[in-house]
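Okay, here's what each chain looks like letter by letter:
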Protein chains: 2
Amino acid sequence: MFNFFPIEGGLDNVKGFFSDGVSAGLKPNGANDVAFIYSDELCNVNGVFTTNTFQAAPIVHFQRYPQGFKTNFVLINSKNANAMTGEAGIRDIDSIFKSLRAKFPNIHNPIMSSTGVIGYRLKLDKITQAFEKFHLNRKNSDGAARAIMTTDRFKKELCLRVELEDGGVFHIGAICKGAGMINPAMATMLCFICTDAAIPNEDAKKALQRAVKYSFNAASVDGDTSTNDTVLLLSNKRSGVYQKEAFGEALNFLTRHLVLEIVRDGEGAKKLVAFEVRGALNEEEAQRAAKALSNSLLVKTALFGEDPNWGRIASTIGASKVTCKAEDLSIYYDEVLIYDKNNPELDSTTEAKATKVMQRDSFKICCDLGAGNSKFTAYGCDLGYDYVKINADYRT
Amino acid sequence: MFNFFPIEGGLDNVKGFFSDGVSAGLKPNGANDVAFIYSDELCNVNGVFTTNTFQAAPIVHFQRYPQGFKTNFVLINSKNANAMTGEAGIRDIDSIFKSLRAKFPNIHNPIMSSTGVIGYRLKLDKITQAFEKFHLNRKNSDGAARAIMTTDRFKKELCLRVELEDGGVFHIGAICKGAGMINPAMATMLCFICTDAAIPNEDAKKALQRAVKYSFNAASVDGDTSTNDTVLLLSNKRSGVYQKEAFGEALNFLTRHLVLEIVRDGEGAKKLVAFEVRGALNEEEAQRAAKALSNSLLVKTALFGEDPNWGRIASTIGASKVTCKAEDLSIYYDEVLIYDKNNPELDSTTEAKATKVMQRDSFKICCDLGAGNSKFTAYGCDLGYDYVKINADYRT
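These numbers were taken from a predicted model, which means no experiment stands behind them. Position labels on residues start from 1 in each chain and follow its written sequence. Working convention: letters from A go to chains and numbers from 1 go to ligands, in the order in which they are written. For this predicted model, a pLDDT threshold of at least 70 governs which residues receive local features, and a threshold of 80 or more governs which side-chain atom pairs are given and counted, while totals over whole chains, interfaces and linings are taken from all residues. Side-chain metrics rest on all non-hydrogen atoms present in the structure, leaving aside hydrogens and water.

(A) Focus on the environment of B:Ala144. Residue and element names in this part refer to chain B. Position of Ala144 relative to the elements: it lies in helix H4 (residues 141–147). Spatially, the C-alpha atom of Ala144 lies 24 Å from that of Ala204, the residues being 60 residues apart in sequence. With near-sequence residues (within four places) excluded, Ala144 lies in contact with Ser19, Asp20, Gly21, Ala35, Phe36 and Ile175. A run of DSSP states H or I qualifies as a helix once it reaches four residues; a run of E qualifies as a strand once it reaches two. Both are numbered from the N-terminal end. A contact between two residues is defined here by any heavy atoms of the two lying within 4.5 Å.

(B) How the structure looks around the packing of helix H5 (residues 201–214) of chain A against helix H6 (residues 244–264) of chain A. Residue and element names in this part refer to chain A. One way to put it is that H5 packs onto H6 with a least axis distance of 9 Å and a crossing angle of 35°. At the point where H5 passes H6, the crossing takes the right-handed sense. Mapping the contact onto sequence places Asp203, Ala207, Leu208, Arg210, Ala211 and Tyr214 in H5 and Lys244, Phe247, Leu251, Asn252, Thr255 and Arg256 in H6. All axes here are fitted lines through C-alpha atoms, helices being fitted over the stretch that makes contact, and every angle between N-to-C directions spans 0 to 180 degrees. In this scheme the handedness of a crossing depends on how the near helix is turned from the far one: anticlockwise by less than a right angle means left-handed, clockwise means right-handed.

(C) Representation of the confidence of the model for chain A within the structure. Residues and elements named next belong to chain A. Summing up the model confidence of chain A, the mean pLDDT is 89 and the portion of residues at 70 or higher is 92%. Here residues 181–187 is a poorly scored stretch, pLDDT under 50, and it has 46 contacts once near neighbours within four places are set aside; other chains count. Taken together, the chains of this predicted complex give a pTM of 0.80 and an interface ipTM of 0.75. Every residue gets a pLDDT, meaning the predictor's confidence in that residue, from 0 to 100.

(D) Region of the structure containing the environment of A:Lys356. With respect to the element layout, A:Lys356 can be found in helix H10 (residues 348–358). Note on exposure labels: buried denotes an accessible area under 20% of the residue type's maximum, exposed denotes more than 50%, and partly exposed covers the range between, all computed with a 1.4 Å probe on protein chains only. Take A:Lys356: its relative accessible area is 59%, and that puts it in the exposed class.

(E) Region of interest: the sheet that holds strand E14 (residues 374–381) of chain B. Residues and elements named next belong to chain B. Strands qualify as paired when DSSP identifies two bridges or more between them. Overall, mixed pairing links the 5 strands, which are arranged E12-E11-E13-E10-E14 in an open sheet. Of all strands in the sheet, those with a lone pairing partner are strand E12 (336–340) and E14, marking the two edges. Mean inter-strand twist for the sheet, computed between neighbouring axes without regard to direction, equals 15°. With 7 bridges connecting them, strand E10 (residues 272–280) and E14 associate as antiparallel partners.

(F) Fine view of the sheet that holds strand E11 (residues 330–333) of chain A. All names here are of chain A. The strand order across the open sheet formed by 5 strands is E12-E11-E13-E10-E14, and the pairing between neighbours is mixed. Looking at strand neighbours, the two that pair on one side only are strand E12 (336–340) and strand E14 (374–381), the edges of this open sheet. Here the average twist between neighbouring strands, direction ignored, is 15°. As paired elements, E11 and E12 share 4 bridges and run antiparallel to each other. Note on E12: the bridge partner recorded for Ser330 is Asp340. The sheet contacts of helix H8 (residues 297–304) involve strand E10 (272–280), strand E13 (362–368) and E14, and relative to E10 the element is tilted by about 130°.

(G) Structural context of the side chain of A:Asp92. Mapping A:Asp92 onto the fold places it in helix H2 (residues 86–103). Ignoring anything within four residues of it in the chain, the contact list for A:Asp92 reads A:Arg121, A:Leu122 and A:Leu124.

(H) Summary view of the packing of aromatic side chains. Aromatic pairs are defined between Phe, Tyr and Trp rings, using the six-membered ring for Trp, whenever the two ring centres lie within 6.5 Å; interplanar angles under 30 degrees are classed as stacked, those over 60 as edge-to-face, and all others as tilted. A complete count under the given rule lists 26 aromatic pairs over all chains for this structure. Measuring from centroid to centroid gives 5.7 Å for A:Phe36 and A:Phe73, while their planes differ by 10°, and the two rings are stacked. Of this pair, A:Phe36 sits in strand E3 (residues 34–49) while A:Phe73 sits in strand E4 (residues 70–77), placing them 37 residues apart in sequence. Ring geometry for B:Phe73 versus B:Phe134: centroids 6.4 Å apart, planes at 40°, classification tilted. Taken as a pair, B:Phe73 in strand E4 (residues 70–77) and B:Phe134 in the loop between helix H3 (124–130) and H4 lie far apart in primary sequence, 61 residues in all. On the basis of relative accessible area, B:Phe73 is assigned to the buried category, the value being 0%. Each member of the aromatic cluster is reached from another via a ring pair, and the members are A:Phe36, A:Phe73, A:Phe131 and A:Phe134.

Shown next as structure tokens:
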């Protein structure tokens, strides 16, 4: 048996990891915009990246390291994505790392990660000048989590303390950002997960891929896939403790918690909605239908309007072309069965009950396709005026 | 050689076709909500329908007629989609048609088409009572075009007079509705095209499929696919005149004109934008990328904000996973080259010029992928506060 629970302090709890956020003057208001994560021992590192064809320069740079490389440093900036900047953008990273290692010779194979506007070169001077403010012995996860925010309304971090039956303890901590452009094949989100578990690298790779599939890749704010999406898992094995099942469950909990934080912070969103599709022919179809629901503009505006317009749910299921006959479909809003297979007409009390469900801050819309035994849950939010406002003038 | 040009009066110009709109009391304000199209000779009929799995009852009813059936009557109602109503919804149509033929015995194989809210049974009494107001000799295309409107801000109709070199003349006319839910695989739109051309049915079928591919199926307001989308082409051959090339070109013109009207009337839309993708490896990839652009929420909100944020265009191209290297991509806003292959940085005069383009009511965003010779143009619009407003409380 094992147990795990959240503890305050984010990455600060994870043995051997240090982090901080500073201001490089990229954000116009002087807020912190550059963060680092440092480990005093070399780490195994695994990454899951955006599937966008135009991967940003930091992702290309990462992938040019030899397979199985070890690192002890991640540098993150907000405000500029360093995307669509070509080879020049990659050379900029090399140039930044040259300055970094000149100041901190023990930094090995540094990784960069960027978020912000596409199509502009990084301001190298500002970033390298910010290195003067770096102290690699800082434990300031809160500051790092805040420095990587863009349109986020709140910082996102979590640490789990995992206790094994034999008394062994390890930690998994993370900082994360993401609010808009959260999409069905990975959000514009960055997530840096650090663990002191003594995890074999092959386990880490598999656990990360599985966790991302059911968390970040199940989230949607607006269906757009960014050029910069990155989830990194760094492990320095400092605790000397590991148990596979405990690690997997804790990692799933951590990533699912963080993705719900991201969706809840969806640009302009007021409601967090889980779209569960069950009774699907197979998991691929369940996933396709669930993501279609979480991405549908008509569904999202109906959520905003608190209108139990289940016809839009049904229409979206139909548009996703999964195996489902209308006469086998059931639709629930939490506990309210609003569409009962071939029952063609709502009674008004059912609709009133569903309207009450929709007034909740978070609820579940469940569609049983009646075609098989597979299921998938996607996470989405409503779309209101504030989404338009935030995204119509994002750059100004 | 041939020539064609628009003439006023919609369907009224097409020989042997009659139409009108009346009020059945489905719309609460007493506006007209039921329309008919009647031909005094039997017509060949071809249809293209939604790809949504849950096709509405009228579409299922149509498809139960034997292949190659002939008709002389189309009945259209707005306000209620008769979708997700199961076999009961189909029996309702049969019941309506029984009353219809009792009153008008010369009606043969009538077709129904519905648009409106999903999940409610039709009000049979109201619809059959409205038959009292039907006069099959009416030429009131304007009235029919208005009766089928839902959230449309303006009616949509067009007639083309096609003149052949030998003096022969035929007509193609249409009425059409659609504003919201306009999507990449067919809009929530209804379009009824009538022609007096003496077109062989095999030609009519092919011409319709081709015309729909490059018009209605290239349009997007919000990426949702409705349960009711229908395009019908009825031909009664009354003119005795036909020429294949002239018919094809005129039909393409007609459908393209109407789809632009639909997109321009996109719920809350202020701008009409053509997304041309060229230099694609093949047409499928060109179409995929063009539709991804016209569906992207981030692109649409940037259009609304008149922000030449070409990074979102590039990111969407990348997310569509078509063959394209960043260093081969060029992006134009009308005449302004805003992203020139691997040129990583905008100069500010270019951005200012692109902003001016975006202030136009309609313009073209062109992406040259540099991967091949295929192209496709999709049509889209901006997304602003009014879209949210209209769709958050559509049913109230």
